[in-house]
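# Chains, contacts and geometry: an overview
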Amino acid sequence: MTAATKAPVTGRHRKARLSTRDRVTVALMILIPTAVAATLVWVPAMATIVMSFFDWDGFSPFSEAKFVGTRWYTEAATIYPAFWPAIQHNVIWLLVLFGIATPIGLLLAVLLDREASHTKFYQTSLYLPVVLSMALIGFIWQLMFSRDQGLLNALLGTTIDWYGDPNINLWSALIATSWRHVGYVMLLYLAGLKGVDVALKEAARIDGASEVQTFFRVVFPVMFPINVVVLVITFIDSLRAFDLVWVINRGRNGLELLATEVTRNIVGEAQRIGFGSALATIMLVISTVFIIIYLRIVMKEDR
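Here the structure is a predicted model, which is why all the values come from computation and not from measurement. (Residues numbered from 1 in each chain as written. Predicted model: local features only at pLDDT ≥ 70, side-chain atom pairs only at ≥ 80, totals over all residues. Heavy atoms only, no water.)

## Points about the overall build of the protein chain
The following threshold applies: Helix numbers and strand numbers start at the N terminus; a helix is a DSSP run of H or I with at least 4 residues, a strand a run of E with at least 2. A radius of gyration in this sense is built from C-alpha atoms; the matching globule rule multiplies 2.2 Å by the number of residues raised to 0.38. Here, two residues are considered to be in contact whenever any of their heavy atoms come within 4.5 Å of each other. Computed with a 1.4 Å probe, the accessible areas rest on the Shrake-Rupley method; for each residue, only the protein chains presented here act as cover.
Assigned secondary structure in the protein chain consists of 13 helices and two strands. In terms of overall size, the protein chain is more extended than a compact globule, its C-alpha atoms giving a radius of gyration of 26 Å where 303 residues would be expected to give roughly 19 Å. Here the C-alpha coordinates of the protein chain stretch approximately 95 × 65 × 30 Å along the principal axes. Contacts spanning at least 24 positions in sequence make up 63% of the contacts within the protein chain whose residues lie at least 6 apart. Of the roughly 19,000 Å² that the protein chain leaves accessible, carbon and sulfur atoms contribute 66%.

And the structure:
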């Protein structure tokens, strides 16, 4: 058979084959992140759920732990005095971040998106708190809220204990955490506004829509994925709030939160591993509900 009579090999009949090196690389790229996530996230989460049904001191072998069923969950809801205040404070935390801090961040993003003078300076200034830890933010605001040497009392001529008074310390902590949350939300919405097609805004103007109408009827609905991300992040941040209140007073005296109660029961003097695990499981379940809602919305958008 001559070369002229051989059937041509077209690209359609060629099969892409990965080399052994490529297969190993792909396998490692999948297995390593999966192993890390399983080791640091899923295994501890499953262990927490299991331990919430046992009475274990954390020192003896787990095989000697006593199975108590749902006892810790019942005690948390009925006789643990800090449980319902912690739930209430977490709800207030969520409402303030979502109802006040998030709209302020959105407003700042809209203003900065107009690219007025000194926009870069304002962006940097407003985003600066985001790169700081919540513990450091707590110390910074201590300079504002200190009863004896705080800036706020010096300006008002008062001696209010903003962090120590159980009637107002929650609101003081919310001011501090909102300072950081506003910058984070501003950055997310600013990125979303940059991705909105200018033609949509022009079409709305041609139709006679004002700037406010254009934003709420055209721009804001287009940023639906950003809105979902902001909602989920706000909820999770309100649920896992810990650093700031722990720095202030370890989550006592009006600053009880679920995260601080988990820490106090697991690593505190009481060492109630099972009870603390039950509280952590409650947090996990609540978080999972919103994460599932978020994933369903994202997958629906992808389709």
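## Some details on the pattern of salt bridges
Quick reminder of the rule: Just to be clear on terms, a salt bridge is a Lys or Arg side-chain nitrogen sitting within 4 Å of an Asp or Glu carboxyl oxygen. To sort residues, take the accessible area from a 1.4 Å probe on protein chains only and compare it with the maximum for the residue type: under 20% means buried, over 50% means exposed, and anything in between is partly exposed.
Under the defined criterion, the tally for this structure stands at eight salt bridges. Ionic pairing is found between Arg205 and Glu202, a salt bridge with its closest N-O pair at 3.2 Å. Of this pair, Arg205 and Glu202 both sit in helix H8 (residues 198–206), three residues apart, which is roughly one turn of the helix. Exposure remark for Glu202: the relative accessible area of 39% places this residue in the partly exposed category. For Arg264, the salt bridge is made with Glu261, and the minimal N-O distance between the two is 2.7 Å.

## Here's the deal with the nonpolar core
What tends to happen in soluble globular proteins is that the nonpolar side chains get buried as a cluster. Heads up, the condition is: Buried Ala, Val, Leu, Ile, Met, Phe, Trp, Tyr and Cys residues form a nonpolar core when they are joined through side-chain atoms within 4.5 Å.
Counting residues in hydrophobic clusters, the biggest one holds 22 residues, and the most contacted among them are Trp93 and Leu244. Setting aside residues up to four positions removed in sequence, Trp93 forms contacts with Leu170, Ala173, Leu174, Thr177, Asp237, Ser238, Ala241, Leu244, Val245 and Leu257. Counting 19 residues, the second-largest nonpolar core is a separate cluster that includes Phe83, Leu239, Phe275 and Ile282.

## Some words on helix H1 (residues 20–51)
Structurally, the α-helix is built with 3.6 residues per turn, so residues lying three or four positions apart point the same way. Convention followed: How far a helix is expected to stretch is found by multiplying one less than its residue total by 1.5 Å. Axes are fitted to the seven residues ending at a residue and to the seven starting at it; the angle between these axes is taken as the bend at that residue.
With 32 residues, H1 ought to run about 46 Å at 1.5 Å a step, and its terminal C-alpha atoms sit 43 Å apart, in line with that. Taking the largest bend as the criterion, H1 deviates by roughly 45°, centred on Ala38.

## Topic: the UniProt feature "transmembrane region" (unreviewed entry) in the protein chain
The cut-off we apply is this: UniProt positions are given in the numbering used here, feature names are shortened, and annotations may be inferred rather than shown by experiment.
What UniProt calls "transmembrane region" (unreviewed entry) maps, in this numbering, to residues 24–54, 91–112, 124–144, 170–193, 214–236 and 273–295. Annotated as 90% helix and 3% strand, the span residues 24–54 places its first and last C-alpha atoms 42 Å apart. From the first C-alpha to the last, residues 273–295 spans 32 Å; its make-up is 100% helix and 0% strand.

## Side note on the domain arrangement of the protein chain
Here is the rule we go by: Domain delimitation in this document rests on an assignment produced automatically or drawn from a domain database. Reported buried area values correspond to the accessible surface (1.4 Å probe) lost by two parts on association, with both partners' losses combined.
Domain boundaries assigned for the protein chain yield domain 1 (23–70) and domain 2 (82–302). Just the C-alpha atoms count here: the centres of domain 1 and domain 2 sit 30 Å apart. Contacts between domain 1 and domain 2 engage 10 residues on the former and eight residues on the latter. Here domain 1 meets domain 2 over a buried area of about 630 Å², counting both sides, of which 70% is carbon and sulfur. Looking only at domain 1, the three residues that lose the most surface to domain 2 are Thr48, Ser52 and Trp56, adding up to 48% of its buried area.

## Regarding the packing of aromatic side chains
The test is simple: Any two rings among Phe, Tyr and Trp, with Trp reduced to its six-membered ring, count as a pair given centres within 6.5 Å; such a pair is stacked if its planes are under 30 degrees apart, edge-to-face if over 60, and tilted if neither.
Scanning the entire structure with this criterion turns up 16 aromatic pairs. Look at Trp56 and Phe62: their rings are 5.3 Å apart centre to centre, the planes differ by 90°, and that puts the pair in the edge-to-face class. The interplanar angle of 45° and the centroid separation of 5.9 Å between the aromatic rings of Phe215 and Phe220 together place this pair among those described as tilted. Overall, Phe215 belongs to the buried group, its relative accessible area being 12%. One aromatic cluster is present, built from ring pairs that chain together Trp141, Phe145, Trp162, Tyr163 and Trp179.

## Concerning a nonpolar patch on the surface
The cut-off we apply is this: The patches reported here contain residues having more than 30% relative accessible area and no salt bridge. Joining distances are 9 Å for like charges and 5 Å for nonpolar side chains (Val, Leu, Ile, Met, Phe, Trp, Tyr).
A cluster of nonpolar residues, Val24, Leu28, Ile32, Val36, Leu40, Val41, Trp42 and Met46, forms a patch on the protein surface that exposes about 810 Å² of accessible area. Mapped onto the secondary structure, Ile32 falls in helix H1.

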